[in-house]
Amino acid sequence: MSENKFEPPPPYTSGPPNPPPPNPPPGFVPPQPPVAVVVTINLGPNPARLTCPNCHRDIITATNTTAGLLTWVLCGTLAFVGLFWGPCLLPFCIDSCKDVEHSCPNCGTVLGIYKRIGN
């Protein structure tokens, strides 16, 4: 049998020491990282006038209704009380039972959703 002999790696050598950083001049203020500002917009069930944060135009939001939690709760309640052969689907036909999605008519960015129940 042959023996495998490994040599240890060569020792690490350190280079010249780094000089200390120069002292800043008096009154120097280091630059601060940019701060992200999040603007929350309280949107209701009706179109709203605002400035689009994406395209920066003054707009009136385009709205689209979608089935949300209230729609499903009303459907389940109507089915539970025995109205399951059609009347339980009425909340899906009534816009005031649905959530409202607001978007920019210019660039199509979704700006927010008004939820009837929940957040």
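Cut-offs applied
- Residues numbered from 1 in each chain as written.
- Predicted model: local features only at pLDDT ≥ 70, side-chain atom pairs only at ≥ 80, totals over all residues.
- Heavy atoms only, no water.
- UniProt positions renumbered as here; feature names shortened; annotations may be inferred.
- Helix = DSSP H or I, 4+ residues; strand = E, 2+ residues; numbered from the N terminus.
- Expected span 1.5 Å × (residues − 1).
- Buried < 20%, exposed > 50% of the residue type's maximum accessible area, 1.4 Å probe, protein only.
- Arc of directions from axis to C-beta.

Section: the UniProt feature "transmembrane region" (unreviewed entry) in the protein
Next, step 1: Mapped onto this structure's residue numbering, the UniProt feature "transmembrane region" (unreviewed entry) falls at residues 67-86.
Next, step 2: Strand forms 0% of residues 67-86 and helix 60%; the C-alpha atoms that close the span are 17 Å apart.

Thoughts on helix α1 (residues 69-80)
Next, step 1: Taking 1.5 Å as the rise per residue, α1 with 12 residues should run 16 Å; its terminal C-alpha atoms sit 16 Å apart, in good agreement.
Next, step 2: Where α1 is concerned, the buried positions are L70, T71 and C75. Looking straight down α1, one finds that the buried residues subtend no more than 135° of arc, so they occupy a single side. Exposed residues lying more than 90 degrees from the buried face of α1 are W72 and F80.
Next, step 3: Among the residues trailing α1, G82 stands out with phi positive, at a value near 105°.

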